Each structure stands twice: as C-alpha cells, then as structure tokens.
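Structural description and commentary
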Amino acid sequence: MTTSAPEIHRGLAGVVVDTTEISTVVQETNSLTYRGYPVQDLAARRSFEEVAHLLWYGELPDDGQLRDFHARERALRPLDRTTLELLTRLPDTCHPMDVLRTAVSFFGAEDPTEDDGSLAANRGKSLTLLAKLPTVVAADQRRRRGLAPIPPDPGLGYAENFFHMCFGSVPDPEVVRCFEISLTLYAEHSFNASTFTARVVTSTLSDLYSAVTAAIGALKGPLHGGANEAVMHMLNEIGDPQRAEAWLDEALASKRKIMGFGHRVYKHGDSRVPIMQDALDRLVARAADPEVTRMATLHAALRHAMISRKGIHPNLDYPAGLAYHLMGFDTPAFTPIFVMSRITGWTAHITEQLAHNALIRPLASYDGPGQRAVPGAA
Ligand code: ACO
C-alpha cells in the first residue's frame, strides 16, 4: 500500500492551528479588531491602559476599574536594587532586546510563585511585566547615554511616564498621543511569530516568564519586530531622498528584503499603517525642521518606489520606526518599545492557551538519509 506524501506548509503559512477570542484581521474590510473593536477606533479614543484591560479581561474598563488598574500598574513600576545592579553588569555591546530578555528571565527567577500558572497568579505577573518593562527600557537607554536612571512617576500615565523616565521631561500632549497610538497598534496581532512562540512554550505548561522570554527572542528578529529598528538603519543608509529609487532597484536586484514592507497576513496593505502614518505626519509637521523634512521625504519616496516597483505595501514598522526616531528614542530601543506594548497581547494569549491547552507539537516530513548502520555497530 502506498501512502500519499503529506502536504507541507512551510512557515505554517495559511494553517489555522486554533481558535482565539482576542483579535482578528477581518480580510473583507482589511481591518484589525481587538475583542471586536476596530483598532483604529481604540487608538483614536482610548488610552493604552484601557486597551490593555480590554485585551486581558475582554471588556473596556469602567471608571472604577480603570482607576484600580492605574493604581496597581503604577505601584509596580519601580525596579529593586538587585535588578538595577544586574542591568548595569550587562555588557554595553549587548542589544537592548537582550537586556529585556535577561530582565524578564531574572524577574521569573526572583518570583517564588514562578510556577503558579493559575489565572490569578498569571494576571498578577502580566501586570508586573507591563509595569516594569518600561522602567527597564528607559534605564537601559539612559545607561547607554552615560546617564543615571530616573525613577518612575506614579502621577503620570503609562506613555507619559516612559518619556519622563527616558528624558526627565514629558513632551507636548500631541507627541505623547502619537506614542500612545503606536502602543495600541502594536499591542496585539493574533498568531504572529512571537505570540505563537509564547503559546508554544505555554502549551508545555511552562511558566509565564519563560513564555515571555522566548517571545522576546522571537520578536527581536528583523523579519518580525526587529524591523522597526532596521527601517531606521535602512533610511540612514540611503540618506538622500533622490537616491531612494536607485537604492531600491539595487537592493531588489541583490534580493535584499526591504525592511518595514510586506506582511504574511496583509497582502494589500497593513490596516494599522494609515493611522500610524497620520501620527507620523503630525510629528513631521510640528517639527518644522529641514532635517526632519528630508527624512520624511526619503520615507515617502521609498514607500512610493516600493509600491510601484513591487506592489508591496509598508507594514506598521515602517511609519513607527521613523516616528520613534522623531520622538527622540535611540534606534536600538525601538523593538523594546514594541515589547512594552505587545506584552499585553502575549500575556492575553498565554491565559487563553492555558484555558484550553493542547500541547503544540507539529509533524515534519523526513527527507534525510535512509536508515543506515553506525560504523562499528554489529
Ligand atoms: N522586500 C522585498 N521583497 C519582499 C518583501 C520585502 N520586504 N516582502 C515580501 N517580498 C517578496 C518576497 O521576496 C517574495 O517574492 P518571490 O515570490 O518573488 O520570492 C514575495 O514577496 C513573498 O514574500 P515572502 O517572504 O514569501 O512572504 P512572507 O509572508 O513569508 O513574508 C515578511 C512576510 C517576512 C514580513 C516579509 O514581507 C519580509 O521579510 N518583510 C521585511 C521585514 C519586515 O518588515 N518585517 C515586519 C513584519 S510586520 C511586524 O512584525 C510588525
């Protein structure tokens, strides 16, 4: 009897592996919804903390719930002395994503309830990570600039406090708003590579810190979250807006992937891009600076060339990368900022995975050597 060859789905492209109630891309309208709400409406009308509550608990918070959420999140922001010391011991040569990965692993090692996978315990750990990750990212950026960390300010919202911890001041509300919009847009995106990584680790009944540590590793790669940083390197490499087309032709001829373009799910444009591009345009307009205008012109020229040459549209990382640069963040901090947001989606998925767990263990079609004898074996 002959068996037919199994169908291979490289990269799991097109494979539906489970159900989720957290978010979906609605193909017909090319839109993304979190728990049923269009993400562009959430970004326009709600704070990032409200979105975090929605992702974790399934509903937007009422006033009392939001007050409680703020109080608990703000109280958890400070890092203890041991963690701050650990951060200063890491080599300057390591990437800020390595710092974040190490910090989350360390939080797990320090937590005596690390292996308690109950819903209540995991909700507490999720909030702890949401609160502490910005403190780590800000302290690390300051250390690389030769500056002492600035403690969190419990009087400030999540986005404002991050600016305060990075720069010692909070920019005008329009800049904070653009940043908050990026956090909401980055928060969740169904079974993307890092979220799926978190779900795979969780499916073995490992702990939440291990799942998040692994997810950070997956997000770091330039085909995923690392692209927002790579966009900035690419724009710096091109430099002159007049060079954009020639640079692109050369890059495509040498089979380079153009960072910040393309998407596994969206083939006609990432639904999150228009709102982020609008936020970026506002940052450019308020800067009124020739250098910023040059960057924005180059950004637009490359986008135009890529769409006309290849029909491939930008993804969220394309406008977010330049927006973070204009907000004053150092380029290596861009992907860690993505983590500060996506921690909400990852942990919502960890909870969902545990609620209906099945070990994730796919099959492979073997095409290595046939069975053979080990030399010397009888
Ligand atoms: N630059 C050049 N060509 C591209 C790009 C790109 N950015 N994206 C897709 N293509 C081309 C591929 O070369 C391929 O062409 P071919 O059929 O002639 O070989 C075709 O489009 C299909 O691309 P795949 O890589 O097979 O599509 P896939 O769904 O696997 O890839 C991915 C999606 C990895 C995001 C890809 O578009 C890419 O590498 N983009 C650049 C990195 C990036 O921006 N990542 C961020 C993703 S979004 C996020 O994480 C927030």
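In this text the structure is predicted, and so the values were computed from the model without any measurement. (Residues numbered from 1 in each chain as written. Predicted model: local features only at pLDDT ≥ 70, side-chain atom pairs only at ≥ 80, totals over all residues.)

A separate point is the overall build of the chain. The number of helices and strands found in the chain is 16 helices and three strands. Here the C-alpha radius of gyration of the chain, 22 Å, is about what a compact globule of 378 residues would show, namely 21 Å. C-alpha atoms of the chain, sized along the principal axes, occupy 75 × 55 × 45 Å. Partitioning the contacts of the chain with sequence separation of at least 6, the portion at a separation of at least 24 is 77%. (Helix = DSSP H or I, 4+ residues; strand = E, 2+ residues; numbered from the N terminus. Rg over C-alpha atoms; globule rule 2.2 N^0.38 Å. Contact = placed C-beta atoms within 7 Å.)

Take the UniProt feature "active site" (unreviewed entry) in the chain next. Under the present numbering, the feature "active site" (unreviewed entry) in UniProt falls on His263 and Asp317. Spatial clustering of the annotated residues is evident: they stretch over 55 residues in sequence, but the largest pairwise C-alpha distance comes to 10.6 Å. Tracing the backbone through its elements, the reader meets His263 in the loop between helix 12 (244–253) and helix 13 (273–287). With 21 C-beta atoms packed within 10 Å, His263 lands in the buried category. Contact partners of His263, with chain neighbours within four places excluded, come to Asp270 and Asn315. Counting through the fold element by element, Asp317 comes out in helix 15 (residues 317–326). (UniProt positions renumbered as here; feature names shortened; annotations may be inferred. Buried ≥ 20, exposed ≤ 12 C-beta atoms within 10 Å, placed from the backbone.)

In the vicinity of the ligand there are 17 residues, among which Ala227, Ile258, Phe261, Gly262 and Arg264 approach most closely. Classifying every residue of the shell around the ligand by side-chain character gives seven nonpolar, seven polar and three charged. (Near = placed C-beta within 6 Å. Nonpolar A, V, L, I, M, F, W, Y, C, P; charged D, E, K, R; others polar.)

It is worth spelling out the nonpolar core at this point. Ranked by size, the top nonpolar core spans 92 residues in total, and within it Leu55, Leu100, Leu133, Val212, Val231, Met276 and Ala323 carry the most contacts. Per-element tally for this core: the top contributor is helix 16 (residues 334–355), with nine residues. Contact partners of Val231, with chain neighbours within four places excluded, come to Met259, Gly260, Asp317, Tyr318, Gly321 and Leu322. (Core = buried A, V, L, I, M, F, W, Y, C linked by C-beta atoms within 7 Å.)

For helix 9 (residues 193–203), the tally of buried residues reaches eight of 11 residues, placing the bulk of the element in the interior. Just downstream of helix 9, Leu205 is the residue with a positive phi angle, here 70°.

The subject of this paragraph is the sheet that holds strand 1 (residues 23–26). Strand order in the open sheet formed by three strands is 1-2-3, with antiparallel pairing between adjacent strands. What marks the edges here is a single partner per strand, and that holds for strand 1 and strand 3 (37–38). Pairing between strand 2 (residues 31–34) and strand 3: two bridges, direction antiparallel. Within the sheet, the bridge partner assigned to Thr33 lies in strand 3 and is Pro38. (Pairing = 2+ DSSP bridges.)

Let's shift gears to the domain arrangement of the chain. Domain boundaries assigned for the chain yield domain 1 (23–222 + 330–355) and domain 2 (227–326). One C-alpha centre belongs to domain 1, the other to domain 2, and the line joining them spans 25 Å. Counting residues at the interface gives 21 residues for domain 1 and 25 residues for domain 2. In terms of residues, the side of domain 1 that touches domain 2 owes the most to one element, helix 8 (residues 173–186), which gives seven residues. Along the lines of polarity and charge, the residues of the side of domain 1 that touches domain 2 split into 14 nonpolar, six polar and one charged. (Domains from an automatic or database assignment.)

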